[in-house]
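# Breakdown of the fold
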Amino acid sequence: MKCKKCSDVAIIHLRQHNASYCSKHFVDYFERRVENTINEYSMFGKNSRVLVAVSGGKDSMTLWYVLTKLGYKADGLIIDVGTTNIQLDSLSEFAKKMGSQLKFVDIKEFFEGLTVPQIARLLKRPTCSICGSVRRYLMNKIALENGYDVLVTGHNLDDEVSFLLGNLLSWNTGYLQRQAPFMPKTHQKLVAKAKPLVWLTEKEIYTYALLNNIPFQDEKCPFSKDASSLRYKSVLNNLEVSQPGTKLRFYKQFQRSQLFKNDNVELKECCLCGYPTTSEKCSFCRMRERVKDALGKQKD
Ligand SMILES: [Zn+2]
Ligand SMILES: [Zn+2]
């Protein structure tokens, strides 16, 4: 197998593009693709202040690295929810090497010293739903309060198509409306959100991370038992083997189709924190109250 560009020995074959690359030309291809995704959906520019939601896993670490390498001003944000062991020292060192800042937030500060798994147990709710809602709220709040223009996450093509398939199978139109590579700012207290890795697969990101010595941890959360998303990924991987390019086509055509246009829901401001919500109080503030109540009852 030879590189499409220079005829050196190829290290990767990308069936969806019918192309093989040596390490140098794979890195070039990867970076061009990230840049093209950013431009295609007008996500942000070289002068925008970008905040990367970092988990320590390969996707978010690669995203942070590649944005910095491409000349974007990207800082990292890590939220400790208490589900994984965060290696703060190595993350800080990584940030320093890239000339970026790392912001750190511990959710215990907001919930009477409790972590997400402890809150879930106390309120008898699923850990993943608590975790998702707490993260979404804090990422937006921190990005806004620190003057960032856009919050970016490391979702890749495999994540996106498995989510798409799952939500199409049950016609979750609400979720489908919000599944865009770029969500512009629609409210003064909501930051824009972007996913610059949506045109790249897990395999491509993993290869890029290894070639560039990007440090990362296994990102599997011990609480995530999302077997259905793994099943969808395996169905899509099988399709991809017999029909290369299926994932990309499925994703891009969905974005083009505009089938599920976002009808703007009326947003109010939370009576406690002022952040946008569809009800009187936002779910974050309600959760904080319920934690306080439940702890108070334990003491009685
Ligand atoms: Zn080459
Ligand atoms: Zn609130």
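Residues numbered from 1 in each chain as written. Chains lettered and ligands numbered in written order. Predicted model: local features only at pLDDT ≥ 70, side-chain atom pairs only at ≥ 80, totals over all residues.

## Digging into the overall build of the chain
Counting its regular elements, the chain contains 11 helices and 10 strands. Counting only C-alpha atoms, the chain reaches 75 × 45 × 35 Å along its principal axes. Taken across its 300 residues, the chain has 30% of its residues classed as buried. Within the chain, contacts between residues at least 6 apart in sequence are counted, and of these 66% link residues at least 24 apart. (Helix = DSSP H or I, 4+ residues; strand = E, 2+ residues; numbered from the N terminus. Buried ≥ 20, exposed ≤ 12 C-beta atoms within 10 Å, placed from the backbone. Contact = placed C-beta atoms within 7 Å.)

## Quick look at the sheet that holds strand β3 (residues 49–54)
One open sheet holds the 6 strands; their spatial order is β5-β4-β3-β6-β8-β7, and the pairing between them is mixed. Across the chains shown, the open sheet's two edge strands, defined by having one partner strand only, are β5 (102–106) and β7 (182–183). Two strands pair when backbone bridges link them, and β3 and strand β4 (residues 73–80) are joined in this way by 6 bridges, in the parallel orientation. Directly across from R49, in β4, lies its bridge partner K73. Along the sheet, helix α3 (residues 88–98) makes contact with β3, β4 and β5, crossing β5 at roughly 155°. (Pairing = 2+ DSSP bridges. Axes fitted to C-alpha atoms, helices over the stretch in contact; angles between N-to-C directions.)

## Looking at unusual backbone geometry
Located in the positive-phi region is S42, a residue other than glycine, with phi close to 45°. At W171, a residue that is not glycine, the phi angle is positive and equals roughly 45°. With respect to the helices and strands, W171 occurs in the loop between α6 (157–169) and α7 (173–177).

## Side note on the pairing of β4
Taken across its 8 residues, β4 has 6 buried, putting it largely inside the fold. For the crossover from β3 across helix α2 (residues 58–69) to β4, the handedness is right-handed. Following the backbone out of β4, through α3 and into the adjacent parallel β5, one traces a crossover that is right-handed. (Right-handed = clockwise from strand over helix to strand, strands pointing away.)

## Re the environment of G76
Examined against the element boundaries, G76 turns out to sit in strand β4. When the 25 C-beta atoms within 10 Å are taken as the criterion, G76 is described as buried.

## Looking at the environment of K261
Following the sequence through the fold, K261 ends up in the loop between α10 (246–257) and β9 (268–269). On the basis of neighbour counts, which here come to 8 C-beta atoms within 10 Å, the residue K261 falls in the exposed class. Through-space distance from the C-alpha of K261 to that of H155 is 21 Å; in sequence the pair is 106 residues apart.

## Description of the nonpolar core
Of all hydrophobic cores here, the largest spans 61 residues; its most connected members are V50, V52, V150 and L151. Each of domain 1 (36–264) and domain 2 (265–300) accounts for three or more of the residues forming this core. Sequence-distant contacts of V150, defined by excluding residues within four places in its chain, comprise M43, F44, S48, V50, V191, A192, K193 and A194. (Core = buried A, V, L, I, M, F, W, Y, C linked by C-beta atoms within 7 Å. Domains from an automatic or database assignment.)

## A closer look at the domain arrangement of the chain
One can read the domain layout of the chain as domain 1 (36–264) and domain 2 (265–300). One C-alpha centre belongs to domain 1, the other to domain 2, and the line joining them spans 25 Å. With 15 residues of domain 1 at the contact, the number on the domain 2 side is 13 residues. At the level of elements, α4 (116–123) and α5 (127–145) are the ones that each hand at least two residues to the side of domain 1 that touches domain 2. Of the residues forming the side of domain 1 that touches domain 2, the biggest block, 4 residues, is contributed by α5. Of the residues contributing to the side of domain 1 that touches domain 2, the split by class is 9 nonpolar, 3 polar and 3 charged. (Nonpolar A, V, L, I, M, F, W, Y, C, P; charged D, E, K, R; others polar.)

## Structural notes on the packing of α6 against α10
α10 packs onto α6 with a crossing angle of 65° between their chain directions and a minimal axis gap of 10 Å. Between α6 and α10, the angle is such that the two are roughly perpendicular. As for the relative orientation of α6 and α10, their crossing is left-handed in sense. Contact residues: α6 offers L157, E160, V161 and L164, while α10 offers K247, L248, F250, Y251 and F254. Residues of the contact of α6 with α10, tallied by class, amount to 7 nonpolar, no polar and 2 charged. (Parallel < 35°, antiparallel > 145°, perpendicular 65-115°, else oblique. Left-handed = near helix turned anticlockwise from the far one by under 90°.)

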